[in-house]
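One letter stands for each residue in the lines below.
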Amino acid sequence: EKMFTLKPGRLPQADVKNIIFFVRPKLELMDIITDNVLREDRGRSPQRDFHILFVPRRSLLCEQWLKEQGVLGSFIHREQYSLDLIPFDGDLLSMESESAFKECYLESDQTSLYHAAKGLMTLQALYGTIPQIFGKGECARHVANMMIRMKREFPGSQNSIFPVFDTLLLLDRNVDLLTPLATQLTYEGLIDEIYGIQNTYVKLPPEKFAPKKQGEGGKDLPTEPKKLQLNSAEELYAEIRDKNFNAVGSVLSKKAKIISAAFEERHHAKTVGEIKQFVSQLPHMQAARSSLANHTSIAELIKDITSEYSLNSLTNLNITRCETTWWTSFSLAKIASEDFFDNLTVEQEFMSGIDTDKVNNYIEDCIAQKHPLIKILRLVCLQSVCNSGLKQKVLDHYKREILQTYGYEHILTLNNLEKAGLLKPQTSGRNNYPTIRKTLRLWMDDVNEQNPNDISYVYSGYAPLSVRLAQLLARPGWRSIEEVLKMLPGPHFEERQQLPTGLQKKRQHGENRVTLVFFLGGVTYAEIAALRFLSQMEDGGTEYVIATTKLINGTSWIKSLMEKLEPAPF
């Protein structure tokens, strides 16, 4: 009847007979459940029945742990709930496995890869066998092998459904370690970078959303965060989510004028029929105005953190203040707040190949001022990736500075980053990144943020390597970049799955191919935006559907690899 977040302590008050725990099979969650069950009032009437569903599968280790805590017998049912791929949007699926990257690359645990393969087999059962499988990376190879094995072991899985997907592209996250480390510059990407989007919801500071009443000023401002759902069901969000943030202002300004004009129509409605027509449109208009107000507030919050805009561009528009709020003074000048801009400048210098082989002054200053550790780690890892590893002297300097400033308990985190290939010494003495950058056109100097003609707009100059690989696979094919593929980690391969007679696709003229891109280890919103951009290109010829183990940004990704040694109690 009701759903609650799992947390320690007594269970919430609810007049129910059955309590069902939906949990990932993790020992730390078993401790919370133990606490919940032990605190339950056994004297209450009627007594409540406990059930546990492990997602996506049961764990004997977890059950043994519950047994040792003396609560296993309290559960009437102990089952598993196979939830592999969760639809987040019309073109986006995620397993939401937070630890998938760490498990695969640090712990050599292939559990999440098994679930990825299982999820793909379920998709094929529903939407037909995918004729072509391409992949790059060790994990991609494992998933493809598991799929082939599952198909062989369950011959009945061959179905007679006409295939929806033409191609499956499996990409390891460690093939492109650079993209998640860079700051995303799309509207949705910046929301995620600054506030963090969790399962399509974002929690925002409430002050910008408080209704301003005449003469009341700022009294009684709400204190609860504003929670908003973000997906393509909302018309305005679908339009602006994948745009570069510098292109969002003009869209919101135009929307404000259209909504203003629509409300003005009421003064021209004279006949009963005209009034009736206006009233019938009113709910949609009010929803559009509410949506505009929300996204204006969100953009203002982002602006406060990321930019100091000069007051030009929209000041001459004849729009009422209540419809456009601050957009009349919103500038389409480049993002230029001091800290954000300095950070972005260093990132872009690294990505364009400038000064990647020596200690960076800005990073040193940030460490000295004790900026957040994750920010430092992102920048140092970015420099390492853009230099195919750091010179030993430079790497040792950064490590020493980080440990002396933030504490020696972070030595395990640095070790994890090195094992993952994010922060490592340059072993071969050769930097392959410039060759990869030039061959794949990863850096574009003349990027158009307003009306983009290339995927590099999502990072204002840098084209995500992962998406460039998907783009080149579609046209002209990976044979054209064979040498560069060898420089990237892991094998690249192609598999073909035989289709039953009569199910081979005969393509109509102008019909697009459909490619499912599966990111093993996580994907960013900027990469999703870039793939959507390719889908919408008139001469692209390919539509993309995206699947992943987890939706990530640089902060959440680095955080998943961090370990903190607790000091011993004395």
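Residues numbered from 1 in each chain as written. Predicted model: local features only at pLDDT ≥ 70, side-chain atom pairs only at ≥ 80, totals over all residues. Heavy atoms only, no water.

The name that an unreviewed UniProt entry assigns to the protein chain is Vacuolar protein sorting-associated protein 33A, with the source organism given as Bubo bubo. The Sequence similarities (unreviewed entry) field of the UniProt record for the protein chain holds the comment "Belongs to the STXBP/unc-18/SEC1 family." (UniProt positions renumbered as here; feature names shortened; annotations may be inferred.)

A word on the environment of Leu469. For Leu469, the location among the structural elements is in helix 18 (residues 465-474). A residue is classified by how much of its surface remains accessible, and Leu469, at 0% relative accessible area, is buried. Sequence-distant contacts of Leu469, that is, excluding residues within four places in its chain, are made with Leu171, Val175, Leu440, Trp478, Ile481, Leu485 and Leu488. (Helix = DSSP H or I, 4+ residues; strand = E, 2+ residues; numbered from the N terminus. Buried < 20%, exposed > 50% of the residue type's maximum accessible area, 1.4 Å probe, protein only. Contact = heavy atoms within 4.5 Å.)

This next bit is on the sheet that holds strand 4 (residues 86-89). Taken in spatial order, the seven strands make up an open sheet running 4-5-13-12-7-6-11, and their pairing is mixed. At either margin of the open sheet sits one strand with a lone partner, and together these are strand 4 and strand 11 (492-496). Within this sheet the neighbouring strands show an average axis-to-axis angle of 20 degrees, counted without direction. In terms of strand pairing, strand 12 (residues 513-520) meets strand 13 (residues 542-548) through seven bridges, oriented parallel. The residue of strand 13 that forms the bridge with Val514 is Glu543. Against the sheet, helix 4 (residues 111-127) makes contact with strand 5 (92-94), strand 7 (167-172) and strand 12, and its axis sits at roughly 160 degrees relative to strand 12, the strand it touches most. Contacting strand 6 (132-136), strand 7, strand 11 and strand 12, helix 5 (residues 138-153) crosses the sheet at an angle of about 140 degrees to strand 7. (Pairing = 2+ DSSP bridges. Axes fitted to C-alpha atoms, helices over the stretch in contact; angles between N-to-C directions.)

The contact between helix 15 (residues 392-406) and helix 16 (residues 411-419) brings their axes to 10 Å, and the two run at 150 degrees. The pairing of helix 15 with helix 16 is recorded here as roughly antiparallel in orientation. For the pair helix 15 and helix 16, the crossing hand works out as right-handed. Here Lys399, Ile402 and Leu403 of helix 15 lie close against helix 16, whose contacting residues are Ile411, Leu414 and Glu418. (Parallel < 35°, antiparallel > 145°, perpendicular 65-115°, else oblique. Left-handed = near helix turned anticlockwise from the far one by under 90°.)

Attention shifts here to empty space enclosed by the protein. All chains considered together, the criterion is met by one cavity of 30 Å³ or more. By volume, the largest cavity amounts to about 50 Å³. Lining the largest cavity we find Phe88, Asp89, Leu92, Glu188, Ile197, Thr200, Leu230, Arg241, Tyr525 and Leu551. For the lining of the largest cavity, the class distribution of residues is six nonpolar, one polar and three charged. (1 Å grid on protein atoms, 1.4 Å probe; cavity = no way out; pocket = protein on both sides within 12 Å on 5 of 7 lines; lining within 4 Å. Points joined across faces, edges and corners; volume = space filled by probe spheres on them. Nonpolar A, V, L, I, M, F, W, Y, C, P; charged D, E, K, R; others polar.)

With 16 residues, helix 5 ought to run about 22 Å at 1.5 Å a step, and its terminal C-alpha atoms sit 23 Å apart, in line with that. Of the residues making up helix 5, those classed as buried are Cys139, Ala140, Arg141, Val143, Ala144, Met146, Met147 and Met150. Contacts made by the buried residues of helix 5 are with helix 3 (100-105), helix 4, strand 6, strand 7, strand 11 and strand 12. (Expected span 1.5 Å × (residues − 1).)

Among the nonpolar cores identified, the biggest contains 138 residues, and Leu170, Tyr187, Leu422, Leu469 and Phe518 are the most heavily contacted of them. Of all the elements, helix 14 (residues 373-385) adds the most residues to this core, at nine residues. Look past the residues within four positions of Phe518 in its chain and what remains in contact with it is Leu85, Met95, Ala116, Leu120, Leu168, Leu169, Leu170, Leu171, Ala547, Thr548 and Thr549. (Core = buried A, V, L, I, M, F, W, Y, C linked by side-chain atoms within 4.5 Å.)

What the rule picks out here adds up to 28 salt bridges. Residue Arg173 pairs with Glu527 through a salt bridge whose shortest N-O separation is 2.9 Å. One end of the pair, Arg173, is in the loop between strand 7 and helix 6 (178-181); the other, Glu527, is in helix 20 (residues 525-536), and 354 residues separate them in sequence. For the residue pair Arg173 and Glu527, the accessibility class agrees, reading buried in each case. Through salt bridges that share partners, Asp89, Asp91, Glu188, Arg241, Asp242 and Arg532 make up one connected network. (Salt bridge = Lys/Arg side-chain N within 4 Å of Asp/Glu carboxyl O.)

A word on the environment of Met95. Tracing the sequence through the fold places Met95 in the loop between strand 5 and helix 3. Note on Met95: relative accessible area 5%, which makes it buried. Considering only alpha carbons, one finds Met95 and Thr549, 454 residues apart in sequence, at a separation of 4.7 Å. Contacts of Met95, omitting those with residues within four sequence positions, involve Arg24, Asp84, Leu85, Ile86, Ser112, His115, Ala116, Phe518, Thr548 and Thr549.

Another point: the sheet that holds strand 3 (residues 75-80). On the basis of which strands lie adjacent, the open sheet formed by three strands has the order 1-2-3 and parallel pairing. Both outer strands of the open sheet, strand 1 (18-23) and strand 3, are each paired with one neighbouring strand and no more. Looking at each pair of strands side by side, their axes are set apart by 15 degrees on average, direction ignored. Relative to strand 2 (residues 49-54), strand 1 runs parallel, the two being bridged by six bridges. Across the sheet, residue Asn18 finds its bridge partner in strand 2, namely Asp49.

As judged from the three bridges shared by strand 4 and strand 5, these two strands associate in the antiparallel manner. The partner of Pro87 across the bridge, within strand 5, is Leu93. What sits between strand 4 and strand 5 in their antiparallel hairpin is a turn of two residues.

For the structure on display, the rule yields 12 aromatic pairs. Judged by centre distance (5.2 Å) and plane angle (70 degrees), the rings of Phe101 and Trp557 are edge-to-face. Placement of the pair is Phe101 in helix 3 and Trp557 in helix 21 (residues 554-561), with a sequence separation of 456 residues. Taking relative accessible area as the criterion, Phe101 reaches 2% and is therefore assigned buried. In this structure Trp557 comes out as buried when scored by relative accessible area, which is 1%. Each member of the aromatic cluster is reached from another via a ring pair, and the members are Phe21, Phe50 and Phe75. The residue whose ring lies beneath Arg141 is Phe493, and the NZ or CZ to ring-centre distance is 4.1 Å. We note Lys227 situated over the ring of Tyr201; from NZ or CZ to the ring centre the distance is 4.9 Å. (Phe/Tyr/Trp six-rings, centres within 6.5 Å; stacked < 30°, edge-to-face > 60°. Lys NZ or Arg CZ within 6 Å of the ring centre and 35° of its normal.)

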